[in-house]
Every structure is written in structure tokens, then in C-alpha cells.
Amino acid sequence: MIYRILAMLLCASVAMAETYYVDATHGSDANAGTSENAAWQTLDKVNSFAFQPGDTVRFKSGEVWRGSLQCRSGVTYTRYGKGPEVFWKIAKKGPGKYETVGEEAKPLILRSVDLCRPERWEKVGDHLWATQPPKITTLGPAPEIAPNDWTLYCEGDAKAKLSKTEENGVKEFTLHVEKSGTKSTFMQLTNAPFRLPGNKGLRLKFRAKATHPFKMEHVSLMQTRKPWRSYGFCVRSPEKITDTWADYEVLFQSGMFDEKTDGRISFFIGGSLPEGCVFSFLPMGVELVEYDSLRFMADVGNIILLKKGGKPTERFAAWKRWSLEELKAPNDFFHDRESDRIYYYSENNPAEGLAEMEAAPRIGILQLGGGAKDVTIDGLAVANTGAHGCSGTSSENIVVRNCDFYWIGGSHLYTRGPIPTRYGNGIEFWCACKNNLVENCYFTEVYDTAMTNQGPDACLAENCIWRNNTIFRCEQAYEIWFSNPESCVRNIVFEGNLCVDTGLGWSHAQRPNKNATHLLAYRLESKELDLHYRNNRLDTAVNTMIWYFNPRLGEVHSDHNVFRQDGEAPESQRLFRWAGVDKEGVTFEEYRRATGNDAHSVFEK
């Protein structure tokens, strides 16, 4: 009887599942969205709608949206209709030979800001141009936010105490740091919950000082409860809190289409405030603002360019610099986060002579969030982000198939020492994942790696399959690292993939760490390692075929692969590196003898 009831409930659930349509040109967010003739129009509408498990969202082929897609558990995101044919993908034609092939255009989601308009630039110096400055209009106070008390949350190895004094209605908070913590999330100073109006900006004003000056790097506008979604972007935050009282402000832009009642502002300060630091914080209120700008919102990691009359395969990248003083050659650019302006070296207006000029900020496109389950993404194209194309933490039963990822990554991640580190992956499953599948996807021009499993936490990565994908001109094809000795890697499989011209993409010349390789592994300290490379074609890499920064390559199951490298006597080139062998690497035969791997693989001439 119980099984009959469960079956009836399952059938009822499936019967109630709905299909929604999105058309960027002819749709309207006022429509019901439940048919092609009543399609929605925007990503804002999709992201704000309360879908039910089993629902499907279909984007019209050949249409273009700008923004990010917040993927909900239990929902399928796919396409409908026919788009025009495009010619830009590569496919194998013969040994070492490839051709550009055409296919029907997919629905395209761009994260970038269009700068290919002369009016968006003004000349500010000799060969120096800048985007128009943002305009901020104050709308009035946000009374529901200002009175809220700030609270402290600590976890991990962070330890601190927060005290409060009040005089004449003015509250002063004092934070005494005993242990800083090794992660920013281990110490949080938070104001929540509050009502957040849709599509508005917030300006938080405060006075502060710290006995040990520090940089406030991680400030968030977010949801106050699980799954702790991002509710917007920090447009501007203090560069440094000094040891004398000073006035500061943080500017946010809501990314929500509709009003939220569970807003939260958090300063993630673990690891920033040193042991013994006393941080004094005096809130001065929050204002609602209209933020009229190009809306970069986050560090611009790349500017993608195409000359007038050029083919899509002829796009190229501007060169990211880290200060105005470094702008010395055409197409050098610097994103000044304080003013939220891009400075560009050019003799004439930067938009002249270009068909495309797309600024890619540090905002991911397909956002799975934390704990996403049972999501299918099929037949979409995403491009032009300084962050990741698709990413999720602790994800389960995720399917990404028949999707395109191009011009991904390049934004600032952190600075440790003199050289800033940039990042950006095609698809990243962070820490735990289970039963995830990525197949028949196309990756090109990715700053770091096309696909990756990675994370620092004790976690289980299990049954993650990457198969039948094409990777072209990325810095790496597949990367793995798990630095926690309590983590477990079980049945992660990289199979049937075509990897071509690794390291010949836009990012290699700009990278301080040039590690162009098909298969990459950094710290790999998991107590279990069940990793498989099989039936792949690895064709031409600038540096190596396989590069492990650890000694565990011999534990990997690798076989039935085809390797190919340009140049004379490629089988004698040192194309395999791992900890414990000569730093220049070893040859294919030396690698096979040392590891026992690839007994049935071939090195094709």
C-alpha cells in the first residue's frame, strides 16, 4: 500500500511540473512564461521566480542575454527553437589536423559589459582614455537597516569578542581579536536581517579604526539564511582601515529583481585582522541610492576585442595591468576599483575600428550555489566572464551537456607577494560533489582550466564524470587538487575528451605562472585517490602533457589515450612532470616505466 501511495505522489509531482520559455527579443516579463507566445524576456525574471522541482526553463536559440543564471535545485535549463548557423568550433579532421565547423547557434548568456560605443569613453591624458565615471543619486535613508545591531560569528580557528557601547543613541562596536583564523569566513561581522528593495543600491557609512591597519577584502550583500545566496555586488569598499578614526563607506548594488526580506551585510574578516588587533566600528547609517554606471560590479579580468570585419575566431584579448603607470602599449587596460572606471591605452577612442569590445567582470555565469542538486543544463552557451563559467559547492546530480564555454576568467583572485594571482575555470565543482556529469561540451579561451574538481575542505568527491568534451586553446584541460588529508576521491573519470593546443590561448602570455598542460594536479593529499584518465586524445601542449605538483601520478589509472605533440621526435620530448623526477620532466617511455600508466596508449607521430 505504501509503495502505491508513493507512486501516486510521484506521478502527481511530475504532472504538476511546468515548462517556461524565455525570449530576449519578443518576450515580456509580464507574460505567464508558459508558452512560446507568452515567453518571459529577462534573466532577472528567471532568477527571481520560485520554480518547483521538475520544472523546465527553455531559452530561445540564437538569442542573447547579459547577466548570470542562478540555477535552482530540481530544475532543467535548456533551449528551444532554431538559431542561425555559426562557424567557429574546431573538430578533428585527421591525425594532427582540424577544421572549423558550423552548428546552430545556442542561447547565449554574456556576463560582459559592452564598451564598443565611443560615447562610453573620454580622453583623460596622452594616449589615455577612461570609461565615463559612475553617477550616484541618494534616494534617502534605509531605516530598517541602520538600527540593526551588528553581531559577530566565529568558527574554525578564529577567536574574537565583540562588545558594544551606546551613548546618545550612537552605538560603537569594538572587536578584540584573539586568533585571526585561516579563512575569511571564519570571522564575520554581520548586520541582518533587513528588507532589501529590488534593483536598488545601498551605501553603508561608518567610522572605524584598528590598532593594526588592515585591508577589508571580502564584503558581501547576501541572504541571511541557507543557501546564503548572493543578493548583489560590492561596488566599492575601503582599501584599508587605518589606526586613526576615519570615515568610510561601502557601496552595494542589489542583484535582485524583486524585494527581499532576509538581506544581510557581512564583513568576512578572518585572516585579515592580526592577533591582538582591536577594531572599533561606529555605524553611521545606510542610504538607498541609484547607482548609474556601466555596472562592472567586480574586477574586470579581461576585455575581449574583435575588429570590424573580423571573424568570431579572430577575437583577441586586451592586456590587464595593475596600475595606471603600467599602461604603455596599445590595448593595455587598468580597472580602478575605487572609481569603478577602466583606463585604456589607445591613440584614438578605444571603440573605434572595433565590432566588439566586451569587459568581463569577476562574476560567474551559471551559478549553482551551495548544495545544488538535480540540476540539468543542456544546450546553452556562456561567455565573457572574469570568473567561472559554471561553478557549484557541494553539488549533487548535476548534468551539464551540449554547452559552450568561451572567453572565461582573468580576474583578480588574491595578492600574496608582488604578483597578483588571476583565476577562472570553465566548470568547477568545489569540494564535495556526487554523481555529476559533464559531456559533449566545448571549451575555448579559458584563463585556467576547462574543467576541475578541487577544494581545501574534508569532503567526498564521488562519481564525477567528464566525457566526450572538446577543449581548445585553454591553459589546461582538466585540473584536480584536494589539500585536506581527510578528503576522499572516488571514481572521478576524465574520458573520451579531445584536448587541442593547450596553452595557445589568450591567457598564456599574460600569466606569471605558465603551466600549459592537458592534465594538471596541485596538492593532492586525499586519503583515497580513485582517478581515471582514459580514451582521451591529448594533442599539443606548450609545456607538458601531464604535470603533477605531487608524487601521486603513479596512483592514477591512465590508459588507452592518444598523445601527440608538434616538433621533431616528439616521443623523446620531456612532456611528463611530477614531483620526484627531473624538474624538466621525462619522456613518454620513461613516464610509462616509472608509473606503470598508459601501457596501451600511443604517442602518435
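Just above sits the structure.
A brief report on the enclosed structure follows. (Residues numbered from 1 in each chain as written. Predicted model: local features only at pLDDT ≥ 70, side-chain atom pairs only at ≥ 80, totals over all residues. Heavy atoms only, no water.)

## Describing the overall build of the protein chain
Basically, it comes down to this: A run of H or I in DSSP counts as a helix once it spans at least four residues, and a run of E counts as a strand once it spans at least two, with each numbered from the N terminus. The size measure is the radius of gyration over C-alpha atoms, and the globule rule it meets is 2.2 Å times the number of residues to the 0.38 power. Between buried and exposed lies partly exposed: a residue is buried under 20% and exposed over 50% of the maximum accessible area for its type, with that area taken using a 1.4 Å probe on protein chains only. It only takes one pair of heavy atoms within 4.5 Å for two residues to be counted as in contact.
Scanning the protein chain from N- to C-terminus turns up 3 helices and 51 strands. Computed over its C-alpha atoms, the radius of gyration of the protein chain comes to 25 Å, within 12% of the 25 Å expected for a compact globule of 605 residues. Burial status across the protein chain gives 54% buried among its 605 residues. The long-range share in the protein chain, meaning contacts at least 24 apart out of those at least 6 apart in sequence, stands at 71%.

## Brief notes about the sheet that holds strand β24 (residues 316–317)
This is how the line gets drawn: In this scheme, strands are said to pair when DSSP sees at least two bridges between them.
Taken in spatial order, the 4 strands of this open sheet run β9-β28-β23-β24, and their pairing is antiparallel. Each edge of the open sheet carries a strand with a single partner, namely β9 (113–114) and β24. Across 2 bridges, the pairing between strand β23 (residues 300–307) and β24 is antiparallel. For Leu305, the partnering residue across the bridge sits in β24 and is Phe316.

## Focus on the sheet that holds strand β13 (residues 150–154)
As a reminder of what qualifies: To obtain each axis, a line is fitted to C-alpha atoms, and for helices this fit is confined to the stretch in contact; angles are then taken between N-to-C directions over 0 to 180 degrees.
An order of β13-β16-β21-β18 is seen for the 4 strands of this open sheet, with the pairing classed as antiparallel. Either end of the sheet is taken by a strand with one partner, and the two such strands are β13 and β18 (218–223). This sheet shows a mean twist of 30° between the axes of neighbouring strands, independent of strand direction. Two strands pair when backbone bridges link them, and strand β16 (residues 187–196) and strand β21 (residues 260–268) are joined in this way by 6 bridges, in the antiparallel orientation. Along β21, the bridge assignment pairs Asn191 with Ile265.

## A few points about the layout of surface pockets
The method is simple in principle: a probe with the dimensions of a water molecule rolls over the atoms, and the space it marks as empty is what remains. Operational definition: Grid spacing is 1 Å over the protein atoms alone, the probe is 1.4 Å, and a cavity is where that probe fits but cannot get out, while a pocket is an open set with protein on both sides within 12 Å along at least five of seven lines and lining residues have an atom within 4 Å of a point. Grid points are joined across faces, edges and corners, and a volume is the space filled by probe spheres set on the points.
In this model, the second largest pocket occupies a volume close to 430 Å³. Looking at the second largest pocket, it is lined by 22 residues, and the ones nearest its centre are Val64, Leu108, Leu110, Arg315 and Tyr406. Those elements that provide at least two residues to the lining of the second largest pocket are β3 (64–66), β6 (85–94), β7 (97–104), β8 (108–110), β28 (354–361), β31 (381–385) and β33 (404–408). Here the lining of the second largest pocket gets 3 residues from one element, more than from any other, and that element is β33.

## Notes on the nonpolar core
One broad trend across soluble globular proteins is that nonpolar side chains are buried collectively. We apply this condition: Nonpolar cores are built from buried Ala, Val, Leu, Ile, Met, Phe, Trp, Tyr and Cys residues. Side-chain atoms within 4.5 Å join them into one set.
Ranked by size, the top nonpolar core spans 73 residues in total, and within it Phe405 and Phe576 carry the most contacts. Looking at this core, the element that brings in the most residues is strand β36 (residues 427–439), giving 5 residues. In contact with Phe576, other than residues within four places in its own chain, are Met545, Ile546, Phe563, Gly585, Val586, Thr587, Phe588, Tyr591 and Phe603. Val177, Phe206, Ala208 and Leu221 belong to the second-largest nonpolar core, a separate cluster that totals 38 residues.

## What to know about the packing of aromatic side chains
Note the following rule: Pairing of aromatic side chains requires ring centres within 6.5 Å, counting the rings of Phe and Tyr and the six-membered ring of Trp. Pairs whose planes differ by under 30 degrees are stacked, by over 60 edge-to-face, and all others tilted.
The full count for this structure, using the stated rule, is 36 aromatic pairs. Between Phe214 and Phe279 the ring centres are 5.3 Å apart and the planes differ by 90°, which places this aromatic pair in the edge-to-face class. Of this pair, Phe214 sits in the loop between β17 (201–210) and β18 while Phe279 sits in strand β22 (residues 278–292), placing them 65 residues apart in sequence. Since its relative accessible area comes to 3%, Phe214 is described here as buried. Here Phe563 and Phe588 contribute two aromatic rings whose centre-to-centre distance is 5.4 Å and whose plane-to-plane angle is 50°, an arrangement assigned as tilted. Of this pair, Phe563 sits in strand β49 (residues 562–564) while Phe588 sits in helix α3 (residues 588–595), and the two are 25 residues apart along the sequence. For Phe588, a relative accessible area of 3% translates into the label buried.

## A word on the pattern of salt bridges
Inclusion rule: Within this document, salt bridges are pairs made up of a side-chain nitrogen of Lys or Arg and a carboxyl oxygen of Asp or Glu, the two lying within 4 Å of each other.
Scanning the entire structure with this criterion turns up 41 salt bridges. Between Glu287 and Lys205 there is a salt bridge, and its shortest N-O distance comes to 3.5 Å. With Glu287 in strand β22 and Lys205 in strand β17, this pair connects stretches of sequence that are 82 residues apart. Take Glu287: its relative accessible area is 19%, and that puts it in the buried class. Under the relative-accessibility criterion, Lys205 is labelled partly exposed at 32%. Overlapping salt bridges, with partners in common, bring together Arg537, Asp539, Arg564, Asp566 and Glu604 in one network.

## Comments concerning the state of the cysteines
Which entries qualify depends on this criterion: Throughout, disulfides are identified as pairs of cysteine sulfur atoms within 2.5 Å of each other.
In this structure the tally under the stated criterion is 0 disulfides. This cysteine, Cys234, is not joined by any disulfide, and Cys277 carries the nearest cysteine sulfur, 20 Å off. Accessibility expressed as a relative area gives 16% for Cys234, which makes it buried. Cysteine Cys390 remains unbridged, with the sulfur of Cys71 as its closest cysteine sulfur at 6.4 Å.

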